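# Results of the structural survey
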Amino acid sequence: MRVHHLNCISTCPAGGRLMDGRADCILCRGRLTCHCILVESNDGLILVDTGLGARDVASPRSRLSWFFLSLLSPDFRLEMTAAHQVRTLGFDPGQVRHILLTHLDFDHAGGLDDFPNAMVHLTAPEREHAEAQRTWLDRQRFRPQQWSGAARWRTYQADGGDRWFGFDCVRPVEIAGLEVALVPLLGHTLGHAGVAIRARGRWLLQAGDAYFHRDEMDPDHPSCTPGLRFYQWMMEKDGRARLENQQRLRALRRSHGSEIDIVCGHDPVEFERLASRPADSPTPPSTGATATTR
Ligand SMILES: [Zn+2]
């Protein structure tokens, strides 16, 4: 089994250093990843989140809201889309059989249309709340224009389920030869979930937008840039649950950090650690030596 880390189009938020902590100044733009994970399995290719997709690159104004286009100014490069990087690795996008979504925000769901043969797995509350479009901000963040293949969605209830390292209501996803599960981590959205994958005897938890900055997972001295703290507050649907889940993730890292890699969607330093290349470089062709296999 091979695991590839793909940054599927960086966003470039206003606020620069106040957001990503490493831009030169606060007047320039920051750089954040859309960290997707591609797994080669016995049941075809599995993709965790899709970032922004080819149709977003071709026609951003018809797909995305002016609010987020202005705020985040995505670096629309076709070679960074998941579909393009899948091709670079020697596959056809039609070979992606399953997509697991942490949530339906535009920067996670934009590539769905590029994978016509994939079954899309997500929690039922996420689908329900995204489709309800109840608030102005919901209509900016959840973009039905990106969901033409919604008939192929398989949803999972957020109650019942299994336990996983102390987390409740975890939903195993049936994929041959692969241990993979949706781990409810609500707060950022009402059906937000992490995706846990067991690869080579080790767990990888893509925690999506449960946190945004690596230092938030510091068990002893958690911290976050002021810009990302504000952004998370602005986007949260349940602030108390979001902070509780961050606390649980810190505890998980403290107790099981040697067995589980925990990553979020948008931290470029976490991405570069796992991908072993700069966040703004697409994956190189797969030669065996370059693929990340952690
Ligand atoms: Zn996001």
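Up top is the structure these notes are about.
Residues numbered from 1 in each chain as written. Predicted model: local features only at pLDDT ≥ 70, side-chain atom pairs only at ≥ 80, totals over all residues. Heavy atoms only, no water.

## Describing the sheet that holds strand β11 (residues 202–206)
- In space, the six strands of this open sheet follow the order β7-β8-β9-β10-β11-β12, with mixed pairing throughout. Strands at the two margins of the open sheet, each flanked by one partner only, are β7 (162–164) and β12 (260–263). Taking the axes of each pair of neighbouring strands and ignoring which way they run, one obtains an average angle of 35° across the sheet.
- Strand contacts of helix α11 (residues 268–275): β11 and β12, with the helix running at about 140° to β12, the strand carrying the most contacts. (Pairing = 2+ DSSP bridges. Helix = DSSP H or I, 4+ residues; strand = E, 2+ residues; numbered from the N terminus. Axes fitted to C-alpha atoms, helices over the stretch in contact; angles between N-to-C directions. Contact = heavy atoms within 4.5 Å.)

## Remarks on the sheet that holds strand β4 (residues 96–100)
- Read across the open sheet, the six strands follow the order β1-β2-β3-β4-β5-β6; overall the sheet is mixed. Pairing within the sheet leaves two strands with one partner each, and these edge strands are β1 (2–7) and β6 (153–156). Strand after strand, the sheet turns through a mean of 20° between neighbouring axes, direction not considered.
- Judged from the three bridges that link them, β4 and strand β5 (residues 119–123) form a sheet pairing that is parallel. Note that in β5 the partner of His 98 across the bridge is Met 119.
- Along the sheet, helix α7 (residues 124–132) makes contact with β5 and β6, crossing β5 at roughly 90°.
- Along the sheet face, α11 touches β1 and β2 (35–41) and points at about 145° away from the line of β1.

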